[in-house]
Amino acid sequence: MVIMKKIKVGINGYGVIGKRVADAITLQEDMELAGVCDVVSDWRIKIAGEKKYPVFAFDDDYKKQMINAGIPVKGNLEDLIASADIIVDCTPKNIAAKNIEKYKAAKLKFIVHGGEKHEVTGHSFSAESNYRTAIGRESTRVVSCNTTSILRTLTTLKKAGLLKKARGTLLRRATDPWESHLGGIMNTLVPEKEIPSHQGPDSQTVDPELDVITAAVKVPQTLSHLHYWNVQLTKIANKEEILSAFKTSTRITLINYTDGLTANNVIKEWMLAKGCLVAGYA
Ligand SMILES: NC(=O)c1ccc[n+]([C@@H]2O[C@H](COP(=O)([O-])OP(=O)(O)OC[C@H]3O[C@@H](n4cnc5c(N)ncnc54)[C@H](O)[C@@H]3O)[C@@H](O)[C@H]2O)c1
C-alpha cells in the first residue's frame, strides 16, 4: 500500500481569495490545510473557526484581539510557517511582498497573487498556459482574475493554431460584492486612463508570445467582470472550429442563451445553484 504524504498548505490572508483557496485545499486528496492566518477578529475569520480550520494571527497583538473575540487561535504567522510545507499568501496588494522574506528564511515554498508584481517571484502562473514551467520552483505568482481569463481564452485559440492577435475591452466590476457598502462607483463608467490597461501586458508575463492589447472600463456593479474580444485568426475558421478549441479547456464553460443564461446576474445564480466554489468572483 502506498501512503501518500499530504502537502501541508498554510493560507496567509483569509479574505475573498484566501477563503476560497482554503476550501479548495480541503477538497484535494494530496493536501491538508495547515491553517489560515489573518488580522481581523470579526465574522470573516470566525467562519474559519466554525469550519474547524486552524486559525493563526499575524502577530501577538492580533492574537490577543482574536482571543478577546472568542476565537480559538493556534498561534501567530511564525507558528503557521513552522507547520506548513508551502504558504499561499492571499493578503491584499503589496502586503505579500513584505512577507516573503519570512517564507524564504524558513525555506518554504510560497505562492503570491495578482496584486503583487511579477518581479516578486520572477514567475507568473496560469495552469493551462505554463504549468510545466512552475515545476520545481520555490515560488510563483498566480495572476489576477482578469489576466487568468485572458490567458485561458487566448491559450485555447493559440493551442488550436488559430490565434494571430487579440484586442480586448474589459468591463471591470467596481468592487468585491461583500464590501460594496464601503465604496464603489455609482451611475457612471470610469475608463482606465492608460491604453494598454495593465491586464494585457500582465498576461504576457505568463506567455510573452501573446500579441494582446487591452483597454478597461470600471462599471457600477459587483456581479463579475465581462470581456469583449476582437481576435485576428491565422486562417479562416468557422464557428464549430472556434467552439471546438474552447471545448479543449477544462477551465472554460460554454453556455447557451436558449437555456435562459442571458445576463451576468442569471449566470451567477446558475453557478451558485451548481455549487460552484468561485461563484461571486470572476
Ligand atoms: N478579489 C478578487 O476578485 C481577486 C481576484 C484575483 C486576484 N486577487 C488578488 O488576490 C490577493 C488577495 O485579494 P483579496 O481580494 O482576497 O483581498 P481581501 O482584502 O478580500 O483579503 C485579504 C485578507 O488578508 C487579511 N490581511 C490583511 N493584512 C494582513 C496581514 N498583514 N497578515 C495576514 N492577513 C492580512 C485581510 O484582513 C483580509 O482578510 C490580492 O493580491 C488580489 O490582487 C483578488
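Reading the values: rules and limits
- Residues numbered from 1 in each chain as written.
- Predicted model: local features only at pLDDT ≥ 70, side-chain atom pairs only at ≥ 80, totals over all residues.
- Heavy atoms only, no water.
- Helix = DSSP H or I, 4+ residues; strand = E, 2+ residues; numbered from the N terminus.
- Expected span 1.5 Å × (residues − 1).
- Buried < 20%, exposed > 50% of the residue type's maximum accessible area, 1.4 Å probe, protein only.
- Contact = heavy atoms within 4.5 Å.
- Near = heavy atom within 4 Å.
- Polar contact = N/O pair within 3.5 Å; in protein donor to acceptor, adjacent residues only side chain to side chain.
- Areas by Shrake-Rupley, 256 points an atom, 1.4 Å probe, with all protein chains shown as cover.
- Nonpolar A, V, L, I, M, F, W, Y, C, P; charged D, E, K, R; others polar.
- Axes fitted to C-alpha atoms, helices over the stretch in contact; angles between N-to-C directions.
- Left-handed = near helix turned anticlockwise from the far one by under 90°.
- Pairing = 2+ DSSP bridges.
- Right-handed = clockwise from strand over helix to strand, strands pointing away.

**Examining helix α7 (residues 145-159)**
- With 15 residues, α7 extends 21 Å between its outermost C-alpha atoms, agreeing within 8% with the 21 Å of an ideal straight helix rising 1.5 Å per residue.
- Taken together, the buried positions of α7 are occupied by N146, T147, T148, I150, L151, L154, T155, T156 and L157.
- The secondary structure elements touched by the buried residues of α7 are α6 (127-134), β9 (163-173), α8 (199-204), β11 (212-219), β12 (226-233) and α9 (239-247).
- Where α7 ends, the next residue or the one after it, G161, has phi of about 70°, a positive value.

**Some words on the site of the ligand**
- The local shell around the ligand holds 22 residues, among which V16, I17, D38, G115 and D176 are the closest.
- In this structure, D176 approaches the ligand through a side-chain N or O atom, which is 2.9 Å from a nitrogen atom.
- Compared with its free state, where it exposes 830 Å², the ligand has 84% of that area covered by protein.
- Contributing elements (two or more residues each) for the shell around the ligand: α1 (16-26) and β2 (31-38).
- Residues that form the shell around the ligand fall into these classes: twelve nonpolar, seven polar and three charged.

**Considerations on the packing of α7 against α9**
- Packing of α7 against α9 brings their axes to within 8 Å, and their N-to-C directions diverge by 115°. Crossing geometry of α7 relative to α9 is assigned as right-handed. Between α7 and α9, the contacting residues are T153, T156 and L157 on the first element and I242, A245 and F246 on the second.
- Each residue belonging to the contact of α7 with α9 can be placed in one class, and the counts come to four nonpolar, two polar and no charged.

**Examining the pairing of β2**
- Burial runs high along β2: six of the eight residues are buried.
- Of the strand pairs in this sheet, strand β1 (residues 7-12) and β2 are connected by six bridges, and their pairing is parallel. The residue of β2 that forms the bridge with V9 is L33.
- This β-α-β element, β1 to α1 to β2, shows right-handed connectivity.
- Sheet analysis places β2 next to strand β3 (residues 55-57), joined by three bridges and oriented parallel. What sits directly across from V36, in β3, is V55.
- Of the crossover connections in this fold, the one passing from β2 over helix α2 (residues 43-50) to the parallel β3 is right-handed.

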